[in-house]
Amino acid sequence: MTFMEIQKILINKTVGIAGCGGLGSNCAVALARVGVGTLIIADFDKIEESNLNRQYYFYDQIGLPKSETLKGNIKRINPKVNVINHQVFLDEKNVPVIFKDCDIIVEAFDKSEAKEMIIKTVSKVFPDKYLVCGIGMAGWGQNEIIKEQRFGKLIICGDGINEISENNPPLAPRVGIVSNMQANIVLELLLKNN
Amino acid sequence: MQITLNNKIEVFPNETLTIKEILELKKFTYPKLIVKLNDVIIEKEDFDSTFVKEGDNLMILHLLAGG
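Residues numbered from 1 in each chain as written. Chains lettered and ligands numbered in written order. Predicted model: local features only at pLDDT ≥ 70, side-chain atom pairs only at ≥ 80, totals over all residues. Heavy atoms only, no water.

Novice: Explain the pattern of salt bridges to me, using residue names and the numbers behind them.
Specialist: With the rule as written, the count across this model stands at 13 salt bridges over all chains. One salt bridge in this structure joins Arg174 of chain A and Asp159 of chain A, with 2.8 Å as the shortest N-O distance. In this pair, Arg174 of chain A is assigned in helix H6 (residues 172–191) and Asp159 of chain A in the loop between strand E7 (154–158) and H6, connecting sequence segments 15 residues apart. The same class applies to Arg174 of chain A and to Asp159 of chain A, which are both buried. Through salt bridges with shared partners, a single ionic network connects Glu116 and Lys120 of chain A together with Glu43 of chain B. (Salt bridge = Lys/Arg side-chain N within 4 Å of Asp/Glu carboxyl O. Helix = DSSP H or I, 4+ residues; strand = E, 2+ residues; numbered from the N terminus. Buried < 20%, exposed > 50% of the residue type's maximum accessible area, 1.4 Å probe, protein only.)

What follows is the structure, given as structure tokens:
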């Protein structure tokens with residue numbers, strides 16, 4: 001397929017991104033660059049200086065709300081993308097409303113409770129939608145253990161081992177790899193059967 | 001019994017096992033887990049009353065923080 005043919009398919013697709021941190025901001029930017037028509041992004045948080053070691057924001061954006069700022073950054077990269085942002089704390093009540101029209105949902109939270117919430121909610125409310133999650137990406141090195149696992153409509157990217165901690169922080173390279181792996185799976189699924 | 005555990009074939013000498021027993025046998029010790037049996041989420045409180053049998057497809061995921 002040529003890039004023009006790819007864009008023609010992607011323009012009519014909608015992807016939901018739950019969380020605009022390390023995974024979400026980088027995954028959204030990758031999907032915007034290739035031309036996904038609509039991105040629905042959501043996060044309750046504001047940008048902190050400590051986020052800049054991996055998240056797609058700039059120093060002069062510290063203190064600003066993530067979802068709205070990410071929308072602005074995406075628009076600067078590809079103004080043709082329709083970005084719908086929600087500055088909210090996602091839970092089992094609003095996930096079914098916010099991501100209702102998405103072809104695919106990307107899980108991009110940092111807290112494991114939030115990951116659990118969206119896996120359970122999507123599996124219950126949207127059993128036919130793909131959910132692409134990121135689990136295990138803290139630290140550095142160990143490229144060879146980062147992988148994808150598929151369980152029906154639930155797809156997991158990451159090493160499944162490295163949880164964040166004081167001495168094993170999330171950093172740009174590995175978080176970037178996993179978020180782009182998520183974007184790569186989304187692209188594969190969107191272009192399949194077209 | 002032979003089951004699929006995390007996309008790999010796994011053989012146990014038992015005819016049936018609860019999810020709790022499989023977690024112990026396979027050393028899934030991490031407190032935060034998500035379990036799907038034949039594509040259905042099983043809640044934690046049902047781990048010791050849900051039986052896994054021949055041919056079942058079991059997913060056990062550690063939910064690690066980070067993103």
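Novice: I'd like a description of the sheet that holds strand E2 (residues 8–11) of chain B, backed by residues and values.
Specialist: Either a parallel or an antiparallel arrangement is found when strands of a sheet pair, and the pairing is made through backbone hydrogen bonds. Sheet architecture is open: five strands sit in the order E2-E1-E7-E4-E5 (chain B), paired in mixed fashion. In this open sheet, the two strands that pair with only one neighbour each are E2 and strand E5 (40–42) of chain B. Averaged over neighbouring strand pairs, the angle between their axes works out to 35° when direction is ignored. In this structure, strand E1 (residues 2–5) of chain B lies alongside E2 of chain B, joined through four bridges in antiparallel fashion. Of the residues in E2 of chain B, the one forming a bridge with Gln2 of chain B is Val11 of chain B. Along the sheet, helix H5 (residues 112–125) of chain A makes contact with strand E4 (33–37) and E5 of chain B, crossing E4 of chain B at roughly 20°. (Pairing = 2+ DSSP bridges. Axes fitted to C-alpha atoms, helices over the stretch in contact; angles between N-to-C directions. Contact = heavy atoms within 4.5 Å.)

Novice: Outline the packing of helix H2 (residues 22–34) of chain A against H6 of chain A, listing residues and values.
Specialist: Residues and elements named next belong to chain A. The interhelical angle for the contact between H2 and H6, taken along N-to-C directions, is 45°, at an axis separation of 8 Å. When the axis of H2 is compared with that of H6, the two are oblique. Along this stretch, H2 crosses H6, giving a crossing that reads as right-handed. Residues Gly22, Leu23, Asn26, Cys27, Ala30, Leu31 and Val34 of H2 pack against Val175, Val178, Ser179, Asn180, Gln182, Ala183, Val186 and Leu187 of H6. The residue makeup of the contact of H2 with H6, split by class, is ten nonpolar, five polar and no charged. (Parallel < 35°, antiparallel > 145°, perpendicular 65-115°, else oblique. Left-handed = near helix turned anticlockwise from the far one by under 90°. Nonpolar A, V, L, I, M, F, W, Y, C, P; charged D, E, K, R; others polar.)

Nothing here speaks to function; it is all geometry.
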